[in-house]
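Overview (structure and organization)
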Amino acid sequence: MPDPVIASVGASPLGRTDLPGRDLFSVALAEAFDDLPDPADIVEAVYVGNQSETYEHQIMQGTLLAEWAGLRHVPAERVEGCAAAGALALRHAVKDVRNGEHEAVLACGVEKMTAGGTSGATDALSAAFDRAIEQRSGVTAPSQYALLGQRYLHETDATERDLAEIAVKNHANAARNPRAQFPKEIDVATVLESDPVAPPLKLYDCAPVGDGAAAVLVTTAELAADLNRPQVRVAGSGASANNIAVAERDMTDIAGARVAAETAYEEAGIDATAVDIAEVHDAFTVCEALLAEAAGFAPAGSGYQSYLPPAERADGWTDVQLSPSGGLKARGHPIGATGLLQALEAYEQLTGAAGDRAVEGAETALLLNEGGVGDAVTVSHVLTTAEAP
Amino acid sequence: MSDDALDATNPRTLPGFFDALADGELLGGVCTDCGQVLLPPRPACYACGSRGVDVEPQFPEGEVFSYTAVHTPPPAFAADAPYTVAVVELTDGGRLLGRVAADYDDVAIGDPVELTVREPTATEREVALDYETDWPVHVFELR
Ligand SMILES: [Zn+2]
(Lines give C-alpha, C1' and ligand atoms only; values in the text may rest on other atoms or scores of the structure.)
Protein backbone atom coordinates (compact mmCIF):
# COMPACT_ATOMS: atom_id res chain seq x y z
CA MET A 1 0.00 0.00 0.00
CA PRO A 2 1.26 3.51 -0.76
CA ASP A 3 2.46 5.42 2.28
CA PRO A 4 0.37 8.58 2.62
CA VAL A 5 2.28 11.74 3.45
CA ILE A 6 1.41 15.36 4.00
CA ALA A 7 3.22 17.29 1.29
CA SER A 8 2.01 20.83 1.92
CA VAL A 9 -0.14 22.94 4.23
CA GLY A 10 -1.70 26.38 4.28
CA ALA A 11 -4.06 28.47 6.35
CA SER A 12 -5.97 31.71 6.25
CA PRO A 13 -5.78 34.34 8.97
CA LEU A 14 -7.77 33.19 12.04
CA GLY A 15 -10.26 35.16 14.07
CA ARG A 16 -12.64 37.90 13.04
CA THR A 17 -11.92 38.38 9.33
CA ASP A 18 -13.58 40.35 6.55
CA LEU A 19 -13.54 37.42 4.12
CA PRO A 20 -16.36 34.92 3.43
CA GLY A 21 -15.62 31.22 3.80
CA ARG A 22 -14.77 30.48 0.20
CA ASP A 23 -12.28 33.35 0.12
CA LEU A 24 -10.67 32.20 3.34
CA PHE A 25 -10.26 28.85 1.62
CA SER A 26 -8.62 30.53 -1.37
CA VAL A 27 -6.10 32.19 0.95
CA ALA A 28 -5.28 28.86 2.63
CA LEU A 29 -4.99 27.11 -0.73
CA ALA A 30 -2.69 29.78 -2.15
CA GLU A 31 -0.28 29.24 0.73
CA ALA A 32 -0.39 25.46 0.39
CA PHE A 33 0.30 25.62 -3.36
CA ASP A 34 2.87 28.40 -3.23
CA ASP A 35 5.71 26.05 -4.24
CA LEU A 36 3.62 23.59 -6.23
CA PRO A 37 2.02 23.25 -9.65
CA ASP A 38 -1.61 24.40 -9.82
CA PRO A 39 -4.14 22.24 -7.95
CA ALA A 40 -5.69 21.17 -11.27
CA ASP A 41 -2.37 19.57 -12.24
CA ILE A 42 -2.16 17.46 -9.08
CA VAL A 43 -5.35 17.14 -7.03
CA GLU A 44 -7.59 14.16 -7.76
CA ALA A 45 -10.21 14.54 -5.04
CA VAL A 46 -11.36 17.05 -2.42
CA TYR A 47 -12.79 16.67 1.08
CA VAL A 48 -14.06 19.73 2.93
CA GLY A 49 -14.47 19.78 6.69
CA ASN A 50 -17.30 22.15 7.53
CA GLN A 51 -19.43 22.26 10.65
CA SER A 52 -22.52 24.14 9.70
CA GLU A 53 -24.40 25.60 6.75
CA THR A 54 -26.15 28.01 9.09
CA TYR A 55 -23.22 30.48 9.20
CA GLU A 56 -23.29 31.27 5.48
CA HIS A 57 -26.42 29.40 4.36
CA GLN A 58 -24.26 27.30 2.08
CA ILE A 59 -24.00 23.57 1.64
CA MET A 60 -22.31 21.94 -1.39
CA GLN A 61 -18.96 23.04 0.01
CA GLY A 62 -17.19 20.23 -1.87
CA THR A 63 -18.44 21.48 -5.21
CA LEU A 64 -17.90 25.13 -4.34
CA LEU A 65 -14.35 24.87 -3.05
CA ALA A 66 -13.24 22.46 -5.79
CA GLU A 67 -14.47 25.03 -8.29
CA TRP A 68 -12.69 27.88 -6.50
CA ALA A 69 -9.53 25.76 -6.62
CA GLY A 70 -9.87 25.40 -10.38
CA LEU A 71 -10.88 21.76 -10.21
CA ARG A 72 -13.64 20.26 -12.29
CA HIS A 73 -14.89 16.72 -12.62
CA VAL A 74 -13.15 15.46 -9.50
CA PRO A 75 -14.94 13.81 -6.59
CA ALA A 76 -15.54 16.53 -4.00
CA GLU A 77 -17.65 16.46 -0.87
CA ARG A 78 -18.26 18.11 2.47
CA VAL A 79 -17.52 16.02 5.54
CA GLU A 80 -19.56 16.72 8.67
CA GLY A 81 -18.74 15.78 12.26
CA CYS A 82 -18.99 19.14 14.03
CA ALA A 83 -15.52 20.15 15.20
CA ALA A 84 -14.02 16.84 14.04
CA ALA A 85 -14.96 17.55 10.42
CA GLY A 86 -11.44 18.70 9.55
CA ALA A 87 -9.73 15.55 10.78
CA LEU A 88 -12.43 13.44 9.16
CA ALA A 89 -11.59 15.15 5.85
CA LEU A 90 -7.92 14.41 6.47
CA ARG A 91 -8.72 10.79 7.28
CA HIS A 92 -10.67 10.37 4.04
CA ALA A 93 -7.76 11.82 2.07
CA VAL A 94 -5.31 9.52 3.86
CA LYS A 95 -7.44 6.47 3.12
CA ASP A 96 -7.80 7.37 -0.56
CA VAL A 97 -4.02 7.63 -0.94
CA ARG A 98 -3.36 4.59 1.19
CA ASN A 99 -5.73 2.34 -0.78
CA GLY A 100 -4.29 3.51 -4.08
CA GLU A 101 -7.41 5.28 -5.29
CA HIS A 102 -5.68 8.64 -5.66
CA GLU A 103 -2.13 9.97 -5.62
CA ALA A 104 -3.00 13.43 -4.34
CA VAL A 105 -6.04 14.50 -2.35
CA LEU A 106 -6.85 17.91 -0.90
CA ALA A 107 -8.19 17.87 2.66
CA CYS A 108 -9.44 21.27 3.62
CA GLY A 109 -11.69 22.88 6.17
CA VAL A 110 -13.50 26.15 6.48
CA GLU A 111 -15.80 27.92 8.92
CA LYS A 112 -17.15 31.47 8.86
CA MET A 113 -18.27 31.49 12.48
CA THR A 114 -18.56 35.25 12.92
CA ALA A 115 -21.20 35.61 10.18
CA GLY A 116 -24.08 35.28 12.63
CA GLY A 117 -22.61 36.88 15.72
CA THR A 118 -22.09 35.13 19.03
CA SER A 119 -25.70 34.02 19.30
CA GLY A 120 -25.54 32.60 15.79
CA ALA A 121 -22.47 30.57 16.70
CA THR A 122 -24.02 29.43 19.98
CA ASP A 123 -27.11 28.27 18.13
CA ALA A 124 -25.21 26.59 15.30
CA LEU A 125 -22.97 24.70 17.72
CA SER A 126 -25.95 23.53 19.76
CA ALA A 127 -27.08 21.52 16.72
CA ALA A 128 -24.28 19.10 17.62
CA PHE A 129 -26.19 17.96 20.71
CA ASP A 130 -28.98 15.43 20.90
CA ARG A 131 -32.07 17.32 19.81
CA ALA A 132 -34.69 15.48 21.83
CA ILE A 133 -33.26 15.91 25.32
CA GLU A 134 -30.12 18.08 25.30
CA GLN A 135 -31.03 20.87 22.89
CA ARG A 136 -34.50 21.22 24.34
CA SER A 137 -32.97 21.65 27.81
CA GLY A 138 -31.05 24.71 26.62
CA VAL A 139 -27.51 23.42 27.03
CA THR A 140 -24.64 25.05 25.15
CA ALA A 141 -21.17 23.88 24.15
CA PRO A 142 -19.54 25.49 27.21
CA SER A 143 -22.17 24.10 29.58
CA GLN A 144 -21.85 20.60 28.15
CA TYR A 145 -18.09 20.71 28.71
CA ALA A 146 -18.67 22.29 32.11
CA LEU A 147 -20.60 19.14 33.05
CA LEU A 148 -17.46 17.15 32.21
CA GLY A 149 -15.30 19.70 34.01
CA GLN A 150 -17.40 19.75 37.17
CA ARG A 151 -17.25 15.99 37.35
CA TYR A 152 -13.49 15.99 36.65
CA LEU A 153 -12.83 18.44 39.48
CA HIS A 154 -15.04 16.31 41.74
CA GLU A 155 -13.22 13.05 40.98
CA THR A 156 -9.60 14.27 40.83
CA ASP A 157 -7.22 16.58 42.70
CA ALA A 158 -7.49 19.15 39.90
CA THR A 159 -8.64 22.67 40.77
CA GLU A 160 -9.98 25.58 38.76
CA ARG A 161 -6.51 27.07 39.07
CA ASP A 162 -5.02 24.02 37.33
CA LEU A 163 -7.44 24.47 34.44
CA ALA A 164 -6.49 28.14 34.31
CA GLU A 165 -2.82 27.15 34.11
CA ILE A 166 -3.60 25.11 30.98
CA ALA A 167 -5.00 28.25 29.36
CA VAL A 168 -1.93 30.23 30.46
CA LYS A 169 0.40 27.60 28.97
CA ASN A 170 -1.48 27.54 25.66
CA HIS A 171 -1.50 31.34 25.41
CA ALA A 172 2.26 31.33 26.03
CA ASN A 173 2.68 28.85 23.16
CA ALA A 174 0.41 30.95 20.91
CA ALA A 175 2.50 34.04 21.65
CA ARG A 176 5.22 32.39 19.55
CA ASN A 177 2.83 31.32 16.77
CA PRO A 178 2.36 33.94 14.04
CA ARG A 179 -0.81 32.12 12.92
CA ALA A 180 -2.51 32.39 16.31
CA GLN A 181 -5.78 34.21 16.86
CA PHE A 182 -4.58 35.30 20.33
CA PRO A 183 -0.77 35.53 20.16
CA LYS A 184 -0.42 36.97 23.65
CA GLU A 185 0.49 35.74 27.09
CA ILE A 186 -2.02 35.90 29.94
CA ASP A 187 -1.76 35.21 33.66
CA VAL A 188 -3.72 32.91 35.94
CA ALA A 189 -5.63 35.75 37.57
CA THR A 190 -6.95 36.84 34.17
CA VAL A 191 -8.44 33.39 33.67
CA LEU A 192 -9.78 32.99 37.21
CA GLU A 193 -11.33 36.44 37.25
CA SER A 194 -12.91 36.23 33.78
CA ASP A 195 -16.69 36.11 33.42
CA PRO A 196 -18.47 32.86 34.25
CA VAL A 197 -19.66 31.10 31.11
CA ALA A 198 -20.72 27.79 32.64
CA PRO A 199 -19.11 27.12 36.02
CA PRO A 200 -16.50 25.87 36.63
CA LEU A 201 -15.60 27.20 33.15
CA LYS A 202 -14.95 30.90 32.67
CA LEU A 203 -14.42 32.95 29.54
CA TYR A 204 -10.69 32.24 29.42
CA ASP A 205 -11.26 28.50 29.76
CA CYS A 206 -13.02 28.58 26.39
CA ALA A 207 -11.61 28.53 22.87
CA PRO A 208 -12.77 31.58 20.93
CA VAL A 209 -15.30 31.86 18.14
CA GLY A 210 -13.46 32.72 14.92
CA ASP A 211 -13.22 32.36 11.17
CA GLY A 212 -10.63 30.36 9.36
CA ALA A 213 -9.68 27.91 6.66
CA ALA A 214 -6.89 25.39 6.28
CA ALA A 215 -5.67 23.22 3.43
CA VAL A 216 -3.59 20.05 3.66
CA LEU A 217 -2.30 18.19 0.61
CA VAL A 218 -2.05 14.43 1.11
CA THR A 219 -0.02 12.51 -1.46
CA THR A 220 2.05 9.41 -1.93
CA ALA A 221 5.63 9.66 -0.65
CA GLU A 222 6.81 9.31 -4.25
CA LEU A 223 4.76 12.24 -5.50
CA ALA A 224 5.84 14.44 -2.60
CA ALA A 225 9.45 13.62 -3.44
CA ASP A 226 8.86 14.37 -7.14
CA LEU A 227 7.37 17.70 -6.10
CA ASN A 228 10.42 18.44 -3.95
CA ARG A 229 8.30 18.93 -0.87
CA PRO A 230 9.25 18.32 2.77
CA GLN A 231 7.06 15.42 3.79
CA VAL A 232 5.52 14.12 6.97
CA ARG A 233 4.33 10.54 7.10
CA VAL A 234 0.77 9.76 8.19
CA ALA A 235 1.65 6.63 10.10
CA GLY A 236 -1.70 5.98 11.73
CA SER A 237 -5.32 7.05 11.65
CA GLY A 238 -8.19 6.18 13.95
CA ALA A 239 -11.76 7.32 14.47
CA SER A 240 -14.46 6.46 16.95
CA ALA A 241 -18.02 7.55 17.60
CA ASN A 242 -19.55 7.43 21.07
CA ASN A 243 -23.02 8.27 22.42
CA ILE A 244 -24.34 11.62 21.25
CA ALA A 245 -25.71 12.46 24.71
CA VAL A 246 -23.13 13.41 27.34
CA ALA A 247 -25.25 11.94 30.14
CA GLU A 248 -24.96 8.42 28.76
CA ARG A 249 -21.17 8.41 28.52
CA ASP A 250 -18.41 7.95 31.06
CA MET A 251 -17.81 11.66 31.60
CA THR A 252 -14.22 11.46 32.83
CA ASP A 253 -12.87 8.46 30.90
CA ILE A 254 -13.07 9.76 27.34
CA ALA A 255 -13.34 6.30 25.85
CA GLY A 256 -13.96 7.30 22.25
CA ALA A 257 -10.78 9.36 22.21
CA ARG A 258 -8.88 6.49 23.80
CA VAL A 259 -10.08 4.08 21.09
CA ALA A 260 -9.24 6.54 18.30
CA ALA A 261 -5.75 7.18 19.69
CA GLU A 262 -5.04 3.51 20.30
CA THR A 263 -6.11 2.67 16.76
CA ALA A 264 -3.74 5.28 15.37
CA TYR A 265 -0.90 4.10 17.65
CA GLU A 266 -1.44 0.51 16.57
CA GLU A 267 -1.32 1.42 12.89
CA ALA A 268 1.83 3.42 13.50
CA GLY A 269 3.39 0.60 15.54
CA ILE A 270 4.06 2.86 18.52
CA ASP A 271 2.65 3.56 21.96
CA ALA A 272 1.95 6.82 23.75
CA THR A 273 5.49 7.10 25.12
CA ALA A 274 6.83 7.61 21.57
CA VAL A 275 4.84 10.80 21.06
CA ASP A 276 6.87 14.02 21.31
CA ILE A 277 4.15 16.57 20.63
CA ALA A 278 0.37 16.41 20.63
CA GLU A 279 -2.25 18.75 19.31
CA VAL A 280 -5.33 17.83 21.31
CA HIS A 281 -8.82 19.24 21.17
CA ASP A 282 -8.64 21.83 23.96
CA ALA A 283 -11.91 23.53 23.03
CA PHE A 284 -12.15 24.06 26.80
CA THR A 285 -9.25 23.80 29.22
CA VAL A 286 -10.61 20.66 30.85
CA CYS A 287 -10.48 18.89 27.47
CA GLU A 288 -6.70 19.00 27.45
CA ALA A 289 -6.62 17.28 30.85
CA LEU A 290 -9.14 14.64 29.81
CA LEU A 291 -7.48 13.99 26.45
CA ALA A 292 -4.00 13.72 27.95
CA GLU A 293 -5.37 10.79 29.93
CA ALA A 294 -7.32 9.29 27.02
CA ALA A 295 -4.24 9.45 24.78
CA GLY A 296 -2.20 7.54 27.33
CA PHE A 297 0.12 10.44 28.20
CA ALA A 298 -1.04 10.71 31.81
CA PRO A 299 -2.36 8.37 34.49
CA ALA A 300 -6.08 8.70 35.25
CA GLY A 301 -6.76 11.82 37.27
CA SER A 302 -3.49 13.60 36.52
CA GLY A 303 -4.02 14.90 32.98
CA TYR A 304 -4.53 18.40 34.40
CA GLN A 305 -0.74 18.57 34.91
CA SER A 306 -0.26 19.10 31.16
CA TYR A 307 0.89 22.66 31.85
CA LEU A 308 3.83 21.52 33.97
CA PRO A 309 7.29 20.78 32.58
CA PRO A 310 7.68 17.00 32.16
CA ALA A 311 9.99 16.65 35.20
CA GLU A 312 7.35 18.16 37.50
CA ARG A 313 4.43 15.98 36.41
CA ALA A 314 3.16 12.93 38.33
CA ASP A 315 4.78 9.53 37.90
CA GLY A 316 3.45 7.81 34.81
CA TRP A 317 3.31 10.93 32.67
CA THR A 318 5.22 10.90 29.38
CA ASP A 319 7.44 13.78 28.26
CA VAL A 320 4.96 14.90 25.59
CA GLN A 321 4.46 18.62 24.95
CA LEU A 322 0.79 19.46 24.48
CA SER A 323 -0.65 22.05 22.11
CA PRO A 324 2.59 23.72 20.95
CA SER A 325 0.50 25.80 18.51
CA GLY A 326 -1.38 27.36 21.41
CA GLY A 327 -4.20 24.88 20.90
CA LEU A 328 -7.78 25.65 20.09
CA LYS A 329 -7.72 27.94 23.12
CA ALA A 330 -5.30 30.50 21.73
CA ARG A 331 -4.29 29.45 18.20
CA GLY A 332 -8.00 29.50 17.34
CA HIS A 333 -10.89 27.12 16.66
CA PRO A 334 -12.66 27.75 13.34
CA ILE A 335 -14.62 24.54 13.78
CA GLY A 336 -14.39 22.72 10.42
CA ALA A 337 -10.79 23.86 9.88
CA THR A 338 -9.51 22.94 13.34
CA GLY A 339 -8.48 19.34 12.65
CA LEU A 340 -6.45 20.53 9.68
CA LEU A 341 -4.85 23.33 11.67
CA GLN A 342 -3.69 20.62 14.07
CA ALA A 343 -2.12 18.76 11.13
CA LEU A 344 -0.56 22.00 9.91
CA GLU A 345 1.11 22.55 13.28
CA ALA A 346 2.49 19.01 13.31
CA TYR A 347 3.73 19.41 9.73
CA GLU A 348 5.59 22.58 10.61
CA GLN A 349 7.00 21.06 13.82
CA LEU A 350 8.18 17.90 12.07
CA THR A 351 9.67 19.65 9.03
CA GLY A 352 11.63 22.26 10.97
CA ALA A 353 9.30 25.09 10.02
CA ALA A 354 7.91 25.94 13.46
CA GLY A 355 10.27 28.84 14.14
CA ASP A 356 10.39 30.07 17.73
CA ARG A 357 7.91 27.51 18.96
CA ALA A 358 9.78 24.46 17.59
CA VAL A 359 9.83 21.59 20.07
CA GLU A 360 13.42 20.33 20.16
CA GLY A 361 13.86 16.93 18.57
CA ALA A 362 10.18 16.35 17.78
CA GLU A 363 9.78 13.36 15.46
CA THR A 364 6.34 11.98 16.31
CA ALA A 365 3.07 13.85 16.74
CA LEU A 366 -0.39 12.80 17.86
CA LEU A 367 -3.47 14.71 16.71
CA LEU A 368 -6.80 14.37 18.54
CA ASN A 369 -9.77 16.19 17.03
CA GLU A 370 -13.20 15.90 18.67
CA GLY A 371 -16.68 16.63 17.39
CA GLY A 372 -19.91 17.11 19.30
CA VAL A 373 -19.27 17.20 23.01
CA GLY A 374 -16.18 15.33 24.17
CA ASP A 375 -15.83 12.10 22.29
CA ALA A 376 -19.17 12.08 20.45
CA VAL A 377 -16.77 11.55 17.58
CA THR A 378 -12.98 11.59 17.82
CA VAL A 379 -10.43 11.37 15.02
CA SER A 380 -6.78 10.68 15.69
CA HIS A 381 -3.69 10.71 13.51
CA VAL A 382 -0.07 9.84 14.19
CA LEU A 383 2.36 11.85 12.07
CA THR A 384 6.07 11.13 11.94
CA THR A 385 9.10 12.63 10.27
CA ALA A 386 9.68 10.83 7.00
CA GLU A 387 12.93 9.33 8.33
CA ALA A 388 11.46 8.13 11.62
CA PRO A 389 10.59 4.43 11.96
CA MET B 1 -35.29 -7.98 17.69
CA SER B 2 -38.66 -6.72 18.83
CA ASP B 3 -41.61 -7.56 16.60
CA ASP B 4 -43.44 -4.37 17.59
CA ALA B 5 -43.93 -1.96 14.71
CA LEU B 6 -41.83 1.17 15.18
CA ASP B 7 -44.74 3.54 14.75
CA ALA B 8 -45.40 6.75 16.68
CA THR B 9 -47.16 4.89 19.50
CA ASN B 10 -44.08 2.77 20.20
CA PRO B 11 -42.03 4.18 23.09
CA ARG B 12 -38.87 3.14 21.25
CA THR B 13 -39.66 6.15 19.02
CA LEU B 14 -39.55 9.73 20.30
CA PRO B 15 -43.29 10.44 19.84
CA GLY B 16 -44.11 7.32 21.85
CA PHE B 17 -41.62 8.27 24.58
CA PHE B 18 -42.90 11.85 24.88
CA ASP B 19 -46.55 10.75 24.84
CA ALA B 20 -45.84 8.67 27.93
CA LEU B 21 -43.80 11.47 29.49
CA ALA B 22 -46.73 13.86 28.98
CA ASP B 23 -48.75 11.45 31.14
CA GLY B 24 -46.05 11.66 33.80
CA GLU B 25 -44.38 8.37 33.00
CA LEU B 26 -40.64 8.28 32.25
CA LEU B 27 -40.02 5.23 30.09
CA GLY B 28 -36.58 3.76 29.67
CA GLY B 29 -35.26 1.07 27.42
CA VAL B 30 -33.70 -1.80 29.34
CA CYS B 31 -31.36 -4.10 27.48
CA THR B 32 -32.44 -7.72 27.85
CA ASP B 33 -28.83 -8.86 27.46
CA CYS B 34 -26.75 -6.52 29.62
CA GLY B 35 -29.28 -4.49 31.60
CA GLN B 36 -28.16 -1.09 30.30
CA VAL B 37 -30.84 1.57 30.74
CA LEU B 38 -31.43 3.69 27.63
CA LEU B 39 -32.99 7.15 28.00
CA PRO B 40 -34.97 7.66 25.83
CA PRO B 41 -35.68 4.08 24.69
CA ARG B 42 -34.30 3.11 21.29
CA PRO B 43 -34.18 0.00 19.14
CA ALA B 44 -30.66 -1.10 20.09
CA CYS B 45 -28.38 -1.11 23.13
CA TYR B 46 -25.25 1.01 22.72
CA ALA B 47 -23.44 -0.88 25.46
CA CYS B 48 -23.57 -4.35 23.91
CA GLY B 49 -25.23 -3.98 20.51
CA SER B 50 -28.25 -6.10 21.41
CA ARG B 51 -31.55 -5.30 19.78
CA GLY B 52 -33.41 -6.89 22.65
CA VAL B 53 -34.71 -3.80 24.44
CA ASP B 54 -37.62 -3.91 26.90
CA VAL B 55 -39.45 -0.71 27.74
CA GLU B 56 -39.96 -0.15 31.45
CA PRO B 57 -41.12 2.77 33.64
CA GLN B 58 -38.22 4.45 35.43
CA PHE B 59 -38.53 5.64 39.02
CA PRO B 60 -38.53 9.44 38.73
CA GLU B 61 -35.89 10.14 41.34
CA GLY B 62 -32.13 10.24 41.37
CA GLU B 63 -28.99 12.16 42.32
CA VAL B 64 -27.07 14.98 40.68
CA PHE B 65 -24.08 13.45 38.87
CA SER B 66 -22.77 16.73 37.47
CA TYR B 67 -24.16 20.23 37.04
CA THR B 68 -23.48 23.72 35.76
CA ALA B 69 -25.24 26.97 34.97
CA VAL B 70 -25.77 28.38 31.49
CA HIS B 71 -24.71 32.03 31.40
CA THR B 72 -24.47 32.29 27.59
CA PRO B 73 -27.72 30.69 26.39
CA PRO B 74 -28.87 29.86 22.87
CA PRO B 75 -31.05 32.74 21.57
CA ALA B 76 -34.27 30.84 22.24
CA PHE B 77 -33.56 30.58 25.98
CA ALA B 78 -31.97 33.99 26.54
CA ALA B 79 -34.70 35.16 28.92
CA ASP B 80 -34.11 32.19 31.25
CA ALA B 81 -30.36 32.68 31.80
CA PRO B 82 -28.56 31.95 33.98
CA TYR B 83 -30.25 28.59 34.50
CA THR B 84 -29.00 25.38 36.06
CA VAL B 85 -28.64 22.11 34.17
CA ALA B 86 -27.52 18.76 35.46
CA VAL B 87 -26.83 15.21 34.52
CA VAL B 88 -28.87 13.11 36.92
CA GLU B 89 -28.24 9.48 37.74
CA LEU B 90 -31.66 7.96 38.25
CA THR B 91 -32.43 5.38 40.93
CA ASP B 92 -32.95 2.70 38.26
CA GLY B 93 -29.48 3.33 36.78
CA GLY B 94 -30.11 5.47 33.70
CA ARG B 95 -28.64 8.95 33.34
CA LEU B 96 -30.56 11.92 31.97
CA LEU B 97 -29.70 15.57 31.37
CA GLY B 98 -32.19 18.27 32.23
CA ARG B 99 -32.85 21.66 33.75
CA VAL B 100 -32.79 21.95 37.53
CA ALA B 101 -35.33 24.24 39.19
CA ALA B 102 -32.77 25.69 41.60
CA ASP B 103 -29.99 28.25 41.66
CA TYR B 104 -26.54 26.95 40.78
CA ASP B 105 -25.23 27.80 44.25
CA ASP B 106 -27.92 25.65 45.86
CA VAL B 107 -26.93 22.49 43.95
CA ALA B 108 -24.15 19.99 44.62
CA ILE B 109 -23.07 16.64 43.23
CA GLY B 110 -25.00 13.92 45.03
CA ASP B 111 -28.04 16.04 45.80
CA PRO B 112 -31.30 14.05 45.59
CA VAL B 113 -33.68 15.26 42.89
CA GLU B 114 -37.09 14.39 41.55
CA LEU B 115 -38.15 14.45 37.91
CA THR B 116 -41.17 16.60 37.15
CA VAL B 117 -42.88 17.15 33.81
CA ARG B 118 -44.56 20.27 32.46
CA GLU B 119 -46.07 21.46 29.21
CA PRO B 120 -43.81 23.51 26.93
CA THR B 121 -43.99 27.27 27.37
CA ALA B 122 -45.11 29.56 24.56
CA THR B 123 -41.46 30.42 23.87
CA GLU B 124 -40.48 26.77 23.74
CA ARG B 125 -43.34 26.06 21.33
CA GLU B 126 -42.15 28.87 19.08
CA VAL B 127 -38.73 27.30 18.59
CA ALA B 128 -40.07 23.73 18.41
CA LEU B 129 -40.16 21.75 15.20
CA ASP B 130 -43.68 20.92 14.06
CA TYR B 131 -43.57 17.44 15.48
CA GLU B 132 -42.15 18.63 18.81
CA THR B 133 -44.76 21.29 19.52
CA ASP B 134 -46.64 19.35 22.17
CA TRP B 135 -43.72 17.41 23.60
CA PRO B 136 -43.47 17.96 27.36
CA VAL B 137 -40.37 19.29 29.10
CA HIS B 138 -38.86 17.56 32.10
CA VAL B 139 -37.35 19.51 34.98
CA PHE B 140 -35.51 18.22 38.03
CA GLU B 141 -36.49 19.58 41.44
CA LEU B 142 -34.38 19.29 44.58
CA ARG B 143 -35.94 16.91 47.09
ZN1 LIG C 1 -26.92 -4.29 26.21
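Just so it is clear, the model here is predicted, and its values are computed rather than measured.

The next subject is the packing of aromatic side chains. Residue and element names in this part refer to chain B. The tally for this structure, following the rule as stated, stands at five aromatic pairs over all chains. Note on Y131 and W135: the rings are 5.4 Å apart at their centroids and 55° apart in plane angle, and the pair reads as tilted. Judged by relative accessible area, Y131 falls into the exposed class, the value being 54%. The rings of F17, F18, Y131 and W135 are connected pair by pair, giving a single aromatic cluster. The ring of F65 carries the charged tip of R95 above its face, separated from the ring centre by 4.0 Å. Positioned above the aromatic ring of F77, the side-chain terminus of R99 is 5.2 Å from the ring centre.

Attention shifts here to the nonpolar core. All names here are of chain A. Counting 68 residues, the largest nonpolar core has Y265, A278, F284, L291, F297, L322 and L366 as the members making the most contacts within it. When residues no more than four places from it in sequence are discounted, the contact partners of A278 are F297, V320, Q321, L322, S323, P324 and L366. With 38 residues, the next largest nonpolar core counts V218, V234, L344 and Y347 among its residues.

Further remarks concern the environment of I59 of chain A. Residues and elements named next belong to chain A. Of note, I59 is situated in the loop between β2 (45-49) and α3 (61-68). Measuring from C-alpha to C-alpha, the distance between I59 and G303 comes to 38 Å, with 244 residues separating the pair along the chain. With near-sequence residues (within four places) excluded, I59 lies in contact with E53 and R78.

Residue and element names in this part refer to chain B. One open sheet accounts for three strands, arranged β2-β1-β3; its pairing is antiparallel. If you trace the sheet from one side to the other, it starts and ends with β2 (37-38) and β3 (53-57), each paired once. Pairing analysis gives two bridges linking strand β1 (residues 27-31) to β2, with the strands arranged antiparallel. Among the inter-strand pairings, G29 is bridged to a residue of β2, identified as L38.

According to UniProt, the positions carrying the feature "domain: ChsH2 C-terminal OB-fold" (unreviewed entry) are residues 60-117 of chain B. Structurally, residues 60-117 of chain B is divided into 0% helix and 52% strand, and its ends, taken at the C-alpha atoms, are 10 Å apart.

Right, let's get into the packing of helix α6 (residues 141-155) of chain A against helix α11 (residues 285-294) of chain A. All names here are of chain A. One can describe the packing of α6 onto α11 by two numbers: an axis separation of 10 Å at closest approach and a directional angle of 65°. By the angle between their directions, the pair α6 and α11 is classed as roughly perpendicular. The handedness of the crossing between α6 and α11 comes out as left-handed. Along its contact with α6, which presents Y145, L148, G149 and Y152, the element α11 presents V286, C287, A289, L290 and E293. Split by residue class, the contact of α6 with α11 holds seven nonpolar, one polar and one charged.

Right, let's get into the UniProt feature "domain: Thiolase C-terminal" (unreviewed entry) in chain A. In this numbering, the UniProt entry assigns the feature "domain: Thiolase C-terminal" (unreviewed entry) to residues 243-379 of chain A. Measuring from the first to the last C-alpha atom of residues 243-379 of chain A gives 15 Å, for a span that is 32% helix and 12% strand.

Quick notes on the rules
- Residues numbered from 1 in each chain as written.
- Chains lettered and ligands numbered in written order.
- Predicted model: local features only at pLDDT ≥ 70, side-chain atom pairs only at ≥ 80, totals over all residues.
- Heavy atoms only, no water.
- Phe/Tyr/Trp six-rings, centres within 6.5 Å; stacked < 30°, edge-to-face > 60°.
- Buried < 20%, exposed > 50% of the residue type's maximum accessible area, 1.4 Å probe, protein only.
- Lys NZ or Arg CZ within 6 Å of the ring centre and 35° of its normal.
- Core = buried A, V, L, I, M, F, W, Y, C linked by side-chain atoms within 4.5 Å.
- Contact = heavy atoms within 4.5 Å.
- Helix = DSSP H or I, 4+ residues; strand = E, 2+ residues; numbered from the N terminus.
- Pairing = 2+ DSSP bridges.
- UniProt positions renumbered as here; feature names shortened; annotations may be inferred.
- Axes fitted to C-alpha atoms, helices over the stretch in contact; angles between N-to-C directions.
- Parallel < 35°, antiparallel > 145°, perpendicular 65-115°, else oblique.
- Left-handed = near helix turned anticlockwise from the far one by under 90°.
- Nonpolar A, V, L, I, M, F, W, Y, C, P; charged D, E, K, R; others polar.

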